[in-house]
Amino acid sequence: MIRRRAARWALALCAGAALALVAATALGQRALPARLDLATETAGRIAVLDRDGRLLRAHYDGGWNLHERLSLEAMPALLREAFIAAEDRRFWTHSGLDWRARLAAVAQNLRAGRALRGASTISEQVVRLLNPRPRTLWSRWLEGWEALRLEARFSKAEILEFYLNQVPYGANRRGVLPAARLYFDRHVDSLSQAEMLALAVLVRAPSRLSREPQALLAGVRRLAQALQQDGTLDAATVAAVLSAPVVPSRHVPPMQAAHFHREVERRWQMLGASPQDRVRSSLDARLQAQAEAYLRERLNDLAREGARQGAVLIVELPEHRVRAWAVGDREHADVIGIDSVRSPRQPGSTLKPLLYAQAIERGWSAETPIEDAPLAERVNRGLHQYRNYSRQHYGTVSLREALGNSLNIPAIKALQFVGAGAFLQKLHTLGIDSLRQHPNAYGDGLALGNGEVSLYELVQAYAALAHDGRWQPLTVFEDAREPRPLVHGFDVAAARAVSAILADPGARQLEFGDGGVLRFPAATAVKTGTSNDYRDAWTLAYDARYVVGVWIGNLSGRETEGVTGARGPALLTRSLLAALADSRRPLAVAAATDPADDGEHPVIATGAEAANAESPRLLQPFEGLQMAMDPRIPESLQAFEFRLDWREPVSTVEWWVDGQVVARGEALHWSWPLRRGAHRVRAQVMGLDGATRATQEVEFRVR
């Protein structure tokens, strides 16, 4: 009797425990999403790409991978099979739980006396991503049941696609596409077979395995052998995989571009475009990374002089596209703070070239004599003594000498000739909108930079000088998407005369001597500026293709210890122009007659203008270019961008390679699939007027 009663109690207890387990399991279940495409998370965000289509400033904060995703069909087949073999061999046959794998894992862990194997299916791992829990046995139990519900709601293909796009890696990356760029600096399509297997192995312990190549190689070897056993790889392929080097390293360029990203988003919204679009911006990601690295290095060099912040803006002509927008803060390197590119600061002498260009438009010339003598003028009830930086005066000097040496008294007299109101109006025409006070508020000090302008505004204005006086708003888009009127900023002769002075080291010998950091290796127009008490230091430089602007100082207004434009940002500007040297087209010096002068003076002109101003010109490739194909990337995936320089509207562009038309379109660029050998290329442009113009044919070689 007692035994029967005990048995009944035991059964009741078991039933109660089972019911409690069922109830607890039901209560512990969490909601699953209606869709796995993260549509609600991506709403309101745009994917900003660089000029080559790479995602810019992705949100690597451990959250969802919203933009660097691929469809399952677009992923390499071997990559898919490798993940299934490594993480869930019976993925296609189970219903969310793999009981065989669980029992095997339990047995192995018991024998070892510690946890060696988890045996989570891919579906369970997706549940863990969707509904994170503490890592306990109870969590594992709940995740198993949620995995069953997941597979009842979604197809295997949907689950696998979500997993491959969201699986966590190191450096807060999620998904195989960001991981391929992080560890191998390439798209997943261009990975070798060994590297694809390495991605599947790395997910187990990304931080450790990326630092231990031998352990990673051992994992790749085991996975290759498993793929051979199930028939995915043959013996020859496995042998090739095992002999291939696998050396992952973190390819994380120190690129922020956060302020540029915001600028693109702001303009995109102004255009009324969809917030879910993928936007191809004008930024060159590699140039951006270089600009940020050089800026950080220069700020470190100037730490003892008290310079804490800086900014770099690089614009490519003739389309005035922003290629780099770098902001540096030595004190708060990890904080996205104030945008120094857009912050108004005192420009020092950097407005003088714009002033002298207007004076030349009004009748002066490069040889116009100006008296450089002590000058004192009434300011309110006081007397202000104007002086040059060196505190020397040179008597009668030419405009060329006055601008080249950045003399202050001649600049005051140039402003008096032009008129402060007229000069201020000219600055507004050039897009310098920060100067909004009445001309009387600035007085003669406007010529010396007593107002405040931003680096963005200065570079935009200097681009007009570099572009033969034609002013156009800077663009942050690679494709023409926003209205950008072409405005007459300066007469061609005035712009060229000023550019020639700024590019002539001989014009600045009085104050700067012969040589130094302002003497660039190639013909380059350069101007420096320093504000009162050394709070702001500037250098602006341009050639026929690029305009580079650099500001260094303190956003707080704190003085630096003698950092001038020639000492601080000039060296950084040289480094940036050197980095651009390989892609720059050379300058040519042509003779242009100043209408207000009897003589001739050298002016900067592009090679295309010196040769034939009426013909389009190939920027890429150039004559004699030598290229080599990358052995790590399948040849079918390698391409080279042909680029054309032409300022007029076009109807059609034809690209001819080796005597045959290979492409037609409206764009001034085209990606040509690389082929080994010697090739000839030319472009034929049809304008809106129906006229057809052709470039010269150039030869290049691919090996």
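It should be noted that the structure appears before, not after, this text.
Per chain, residue numbering runs from 1 following the sequence as it is written. Since the coordinates come from a predicted model, pLDDT governs what is reported: local features require at least 70, and pairs of side-chain atoms require 80 or more to be given and counted, while whole-chain, interface and lining totals use all residues. Think of the side-chain values as coming from all heavy atoms in the structure, minus any hydrogens and water.

*Asks:* So what's going on with the packing of helix α11 (residues 213-229) against helix α12 (residues 235-243)? Which residues, and what values?
*Replies:* All axes are obtained by fitting lines to C-alpha atoms, using only the stretch in contact for helices, and the reported angles, taken between N-to-C directions, cover 0 to 180 degrees. Helix numbers and strand numbers start at the N terminus; a helix is a DSSP run of H or I with at least 4 residues, a strand a run of E with at least 2. Interhelical geometry of α11 versus α12 gives an angle of 170 degrees and a closest axis separation of 10 Å. If you check the angle between α11 and α12, you find them roughly antiparallel. Taking contact as the criterion, the partners of Val220, Arg221, Ala224 and Gln228 in α11 are, on α12, Ala235, Val238, Val241 and Leu242. Any angle that is under 35 degrees is reported as roughly parallel, and any over 145 degrees as roughly antiparallel; angles of 65 to 115 degrees are reported as roughly perpendicular and all others as oblique. Contact definition: two residues touch when any of their heavy atoms are within 4.5 Å.

*Asks:* Summarise helix α17 (residues 408-418); cite the residues concerned and give the values.
*Replies:* A large share of α17 lies buried, amounting to eight of its eleven residues. The cut-offs for exposure are 20% and 50% of the maximum accessible area for each residue type, with area from a 1.4 Å probe on protein chains only; residues under the lower value are buried, those over the upper are exposed, and the others partly exposed. Looking at α17, one finds that the buried residues are Asn408, Ile409, Pro410, Ala411, Ile412, Ala414, Leu415 and Val418. Count one or two residues on from α17 and you reach glycine 419, which has phi positive near 100 degrees.

*Asks:* Can you break down the sheet that holds strand β11 (residues 525-530) residue by residue, with the values?
*Replies:* By way of backbone hydrogen bonds, the strands of a sheet pair with one another, either parallel or antiparallel. At least two DSSP bridges between two strands are required for those strands to pair. Taking strand neighbours across the sheet as the criterion, the five strands line up as β4-β3-β13-β12-β11 in an open arrangement whose pairing is antiparallel. The open sheet is flanked by β4 (321-329) and β11, the only strands paired with a single partner. Averaged over neighbouring strand pairs, the angle between their axes works out to 10 degrees when direction is ignored.

*Asks:* If you had to explain unusual backbone geometry to someone new, which residues and values would you point to?
*Replies:* With an omega dihedral of 5 degrees, the bond running from leucine 317 to proline 318 counts as a cis peptide bond. Relative to the elements of secondary structure, proline 318 occurs in the loop between β3 (309-316) and β4. Notably, alanine 171 is not glycine yet its phi reads approximately 55 degrees, a positive angle. Within the element layout of this structure, alanine 171 appears in the loop between α7 (156-166) and α8 (176-184). Here the phi dihedral of asparagine 172 falls at roughly 60 degrees; this positive angle occurs in a residue that is not glycine. Turning to its location among the elements, asparagine 172 is positioned in the loop between α7 and α8. When its relative accessible area of 44% is taken as the criterion, asparagine 172 is described as partly exposed.

*Asks:* Which residues make up the pattern of salt bridges, and what are the values?
*Replies:* The term salt bridge refers to a pairing of a side-chain nitrogen on Lys or Arg with a carboxyl oxygen on Asp or Glu at a separation within 4 Å. Evaluated as defined, the whole model comprises 35 salt bridges. The salt bridge involving glutamate 263 is made with arginine 342; its shortest N-O contact spans 2.7 Å. Here glutamate 263 is found in helix α13 (residues 258-270), whereas its partner arginine 342 is found in the loop between β4 and α15 (352-361), with 79 residues between them in sequence. Here glutamate 263 falls in the buried class, since its relative accessible area comes to 6%. The exposure class of arginine 342 is partly exposed, given its relative accessible area of 31%. Here the salt bridges do not stand alone but share partners, grouping Arg51, Asp284, Glu316, Arg323, Glu478, Arg545, Glu641 and Arg643 into one network.

*Asks:* Tell me about the environment of aspartate 543, residues and numbers included.
*Replies:* Along the chain, the position of aspartate 543 falls in the loop between β12 (536-542) and β13 (546-553). The exposure class of aspartate 543 is buried, given its relative accessible area of 2%. Side-chain polar atoms of aspartate 543 contact the backbone nitrogen of arginine 545, separated by 2.8 Å. Polar side-chain contacts of aspartate 543 include one of 2.8 Å to the backbone nitrogen of tyrosine 546. In protein, a polar contact means a hydrogen-donor-capable atom and an acceptor-capable atom, both N or O and within 3.5 Å, with residues adjacent in sequence counting only if both atoms are side-chain atoms; elsewhere, any N or O pair within 3.5 Å suffices.

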